[in-house]
Amino acid sequence: MDIKGKVHEVSATMQVTDSLKKRELILEYIENPQYPEYIKFEAIQDRCNLLDSVKVGDNVEVAFNLKGRPWTDKTGKKTYFNSLQLWRITPVGGATGATTEYAAPVDLSAAPDDDDLPF
């Protein structure tokens, strides 16, 4: 999967366990300019280095895998977690979806009435 957006935040590398390190990227995704979404991706292990050259405000395309896993607490209650694991990040020139251009609206009142369509 992939998505384009603007880098909102990049975390420092965190050493989660002796053998696991991760880094997080928050991407501002604007499908609807009135309601931007902030999506968190994680880069793990050697992929942490992919975020070294990324800066807040950069327009990027993120390729990621959607992961999900169950977890059972001490009382036996099962909970499910999802994560978006980043595996590639590519700079994108120009603007993101916030300034997507759309076709100009058509003025239907200027259309001739002589069509022969049945509806």
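Reading the values: the criteria
Residues numbered from 1 in each chain as written. Predicted model: local features only at pLDDT ≥ 70, side-chain atom pairs only at ≥ 80, totals over all residues. Heavy atoms only, no water. Salt bridge = Lys/Arg side-chain N within 4 Å of Asp/Glu carboxyl O. Buried < 20%, exposed > 50% of the residue type's maximum accessible area, 1.4 Å probe, protein only. Helix = DSSP H or I, 4+ residues; strand = E, 2+ residues; numbered from the N terminus. Contact = heavy atoms within 4.5 Å. Core = buried A, V, L, I, M, F, W, Y, C linked by side-chain atoms within 4.5 Å.

- The name an unreviewed UniProt entry gives the chain is DUF3127 domain-containing protein, with Mucilaginibacter agri as the organism.

What to know about the pattern of salt bridges
- Summed over the entire model, instances satisfying the criterion amount to four salt bridges.
- The salt bridge involving K22 is made with E24; its shortest N-O contact spans 3.5 Å.
- Relative accessible area serves as the criterion here: at 17%, E24 is assigned to the buried category.
- D52 serves as the salt-bridge partner of R23, at 2.7 Å between the closest nitrogen and oxygen. With a gap of 29 residues between them, R23 in strand β3 (residues 21-29) and D52 in the loop between β4 (37-44) and β5 (59-72) connect regions that are remote in the sequence.
- Since its relative accessible area comes to 53%, D52 is described here as exposed.
- Several salt bridges converge on common partners, so that one network encompasses K22, E24, K40 and E42.

Some points on the environment of L84
- In this structure, L84 sits in strand β6 (residues 78-91).
- Between the C-alpha atoms of L84 and I39, which are 45 residues apart in sequence, the distance is 8.9 Å.
- Residues in contact with L84, not counting those within four places in the same chain, are I39, K40, F41, E42, F64, N65 and L66.

Notes on the environment of I44
- When you line up the elements, I44 lands in strand β4.
- The exposure class assigned to I44 is partly exposed, which follows from its relative accessible area of 27%.
- Distance from I44 to E24, taken between C-alpha atoms, is 8.7 Å for residues 20 residues apart in sequence.
- Those residues in contact with I44, other than ones at most four positions away along the chain, are L20, K21, K22 and Q85.

Remarks on the side chain of S11
- Among the structural elements, S11 can be located in the loop between β1 (2-10) and β2 (14-15).
- Beyond its immediate stretch of four places on either side in the chain, S11 contacts R23 and E24.

Comments concerning the nonpolar core
- Formed by 14 residues in total, the largest nonpolar core has its most connected members in L25, F41, L51, V62, L86 and I89.
- Taken together, the elements giving at least two residues each to this core come down to β1, β3, β4, β5 and β6.

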